[in-house]
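# Overview (structure and organization)
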Amino acid sequence: MKHTELCKLISRSEPIPGIFDFTIESENIAKEAQCGQFLHINCGESTFLRRPISICDAYDGKVRFIFEVKGAGTRELSKKQTGDMIDVMGPLGHGFEIKDNVKNPVVIGGGIGVFPLYKLAKELHGRADVFLGFRSKDRVVMESEFESVSNMVITGTDDGSYGYSGYIASAMEQYLNFHDCTMIYSCGPMPMLKAVKKIAEERGIPCQISLEQRMGCGIGACLVCSCETVNGGADKYAKVCTNGPVFYSEEVTLND
Ligand code: FES
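In this text, all values refer to a predicted model and were calculated from it rather than measured experimentally.

Basis of the calculations
Residues numbered from 1 in each chain as written. Predicted model: local features only at pLDDT ≥ 70, side-chain atom pairs only at ≥ 80, totals over all residues. Heavy atoms only, no water. Helix = DSSP H or I, 4+ residues; strand = E, 2+ residues; numbered from the N terminus. Rg over C-alpha atoms; globule rule 2.2 N^0.38 Å. Buried < 20%, exposed > 50% of the residue type's maximum accessible area, 1.4 Å probe, protein only. Contact = heavy atoms within 4.5 Å. Pairing = 2+ DSSP bridges. Axes fitted to C-alpha atoms, helices over the stretch in contact; angles between N-to-C directions. Phe/Tyr/Trp six-rings, centres within 6.5 Å; stacked < 30°, edge-to-face > 60°. Lys NZ or Arg CZ within 6 Å of the ring centre and 35° of its normal. Core = buried A, V, L, I, M, F, W, Y, C linked by side-chain atoms within 4.5 Å. Salt bridge = Lys/Arg side-chain N within 4 Å of Asp/Glu carboxyl O.

## Observations regarding the overall build of the chain
- When its secondary structure is counted, the chain shows 6 helices and 16 strands.
- A compact globule built from 256 residues would reach a C-alpha radius of gyration of about 18 Å, and the chain, at 18 Å, matches this within 12%.
- Structurally, the chain occupies a C-alpha span of about 50 × 45 × 35 Å along its principal axes.
- When the 256 residues of the chain are sorted by exposure, 51% land in the buried category.
- When contacts within the chain are restricted to residue pairs at least 6 apart in sequence, those whose partners lie at least 24 apart make up 63%.

## Digging into the sheet that holds strand β4 (residues 51–54)
- If you walk across this open sheet you meet the 7 strands as β4-β3-β7-β1-β2-β6-β5, and the pairing is antiparallel. Among the strands making up the open sheet, the edge pair consists of β4 and β5 (57–59). Between one strand and the next, the sheet's axes are offset by a mean angle of 35 degrees, whatever the strand orientation.

## A closer look at the packing of aromatic side chains
- For the structure shown, the criterion picks out 8 aromatic pairs.
- With a centroid separation of 5.1 Å and 90 degrees between ring planes, the pair formed by phenylalanine 22 and phenylalanine 67 is classed as edge-to-face. Taken as a pair, phenylalanine 22 in strand β2 (residues 19–25) and phenylalanine 67 in strand β6 (residues 62–68) lie far apart in primary sequence, 45 residues in all. With respect to class, phenylalanine 22 is no different from phenylalanine 67; both count as buried.
- Considering the side-chain rings of phenylalanine 96 and tyrosine 185, the 5.7 Å spacing of their centres and the 80 degrees angle between planes classify their relative orientation as edge-to-face. Here the residue phenylalanine 96 occupies a position in the loop between β7 (85–92) and β8 (106–110), and tyrosine 185 occupies one in strand β12 (residues 184–187), the gap between them amounting to 89 residues.
- Ring pairs connect the aromatic residues Phe20, Phe22, Phe65 and Phe67, which therefore count as one cluster.
- The residue whose ring lies beneath arginine 64 is tyrosine 118, and the NZ or CZ to ring-centre distance is 5.9 Å.

## What to know about the sheet that holds strand β16 (residues 246–248)
- Across the sheet, which stays open at both edges, the 7 strands sit in the order β11-β10-β9-β8-β12-β13-β16 with mixed pairing between neighbours. Looking along the sheet, the strands with just one partner apiece sit at the ends: β11 (164–165) and β16.
- Across the sheet, helix α5 (residues 168–176) lies against β8, β9 (129–134), β10 (152–157), β11 and β12, angled at about 155 degrees from β9, the strand it touches most.

## Re the nonpolar core
- Core analysis: the largest hydrophobic core is formed by 32 residues, its most contacted members being Ile108, Phe131, Met172, Leu176, Ile184, Val196 and Leu211.
- Mapped by element, the contributors of at least two residues to this core are β7, β8, α5, α6 (190–203) and β13 (207–210).
- Examining the composition of this core, we find that 6 residues originate from one element, α5, more than from any other.
- Setting aside residues up to four positions removed in sequence, leucine 211 forms contacts with Leu193, Cys227, Val240, Pro245, Phe247 and Leu254.
- Grouped together as the second largest cluster of nonpolar side chains are 30 residues, Val107, Leu120, Val141 and Met142 included.

## What to know about the pattern of salt bridges
- The final tally for this structure, using the stated rule, is 10 salt bridges.
- One salt bridge connects aspartate 87 with arginine 50, and the closest N-O pair in it is separated by 2.9 Å. Taken as a pair, aspartate 87 in strand β7 and arginine 50 in the loop between β3 (38–42) and β4 lie far apart in primary sequence, 37 residues in all.
- Lysine 198 is the partner of glutamate 202 in a salt bridge, and the nearest nitrogen-oxygen pair spans 3.1 Å. A residue pair is termed a helical-turn pair when its members lie 3 or 4 positions apart in one helix, as glutamate 202 and lysine 198 do in helix α6 at 4 residues.

Here it is, written out as structure tokens:
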């Protein structure tokens, strides 16, 4: 069930320039939030539409979300200070499915796509092998937090300035040549998602991916967030806000 609440901002930091780590108070949202779901946030007067921001973690009446400043709305949101109230709708969307029998789960995220995967990694209770990809060393974030809740973490950078050198999907592909895996969970930029989908499908490994999409209403009413599915006819499009943001890779066509 979704709630619309004014929530107090109780902690804020900027772990790397332009990326803000906020925690708000909300008993209702914290209790119901599932990994992979998102919040729809009223950023202030600079924008009419709310902004969808993924839930990074939820526990003990607190909800954490991390976002990048990309425009006027997120810039205004980033200026909120602890003690300020934020108008939040959530939790929204269909999150990741965690099945009890999932063996050797692999979690792979790129850039700001790593944030929605943290609660997932926690809920896999130390079983996940995690791959985190960033542009360069100065953009690496949350590595030690993932290490504290995962079986193993491989971090890579596209420019080779830290960890594995190259695209993180390639690191995962090499790993899969020597390790069993029965589920891949992924969130990140479209080229990475496409590579992960291809690698998973070539190996017959079920793969859940979280899509980022522009949104309007966030609750299935406006169709702004449509994505193309593999189905025809009336089911050709799905709504990322309600059918997703998490889909099985074979359900959706990934377009740039
Ligand atoms: Fe309005 Fe998805 S954002 S239908």
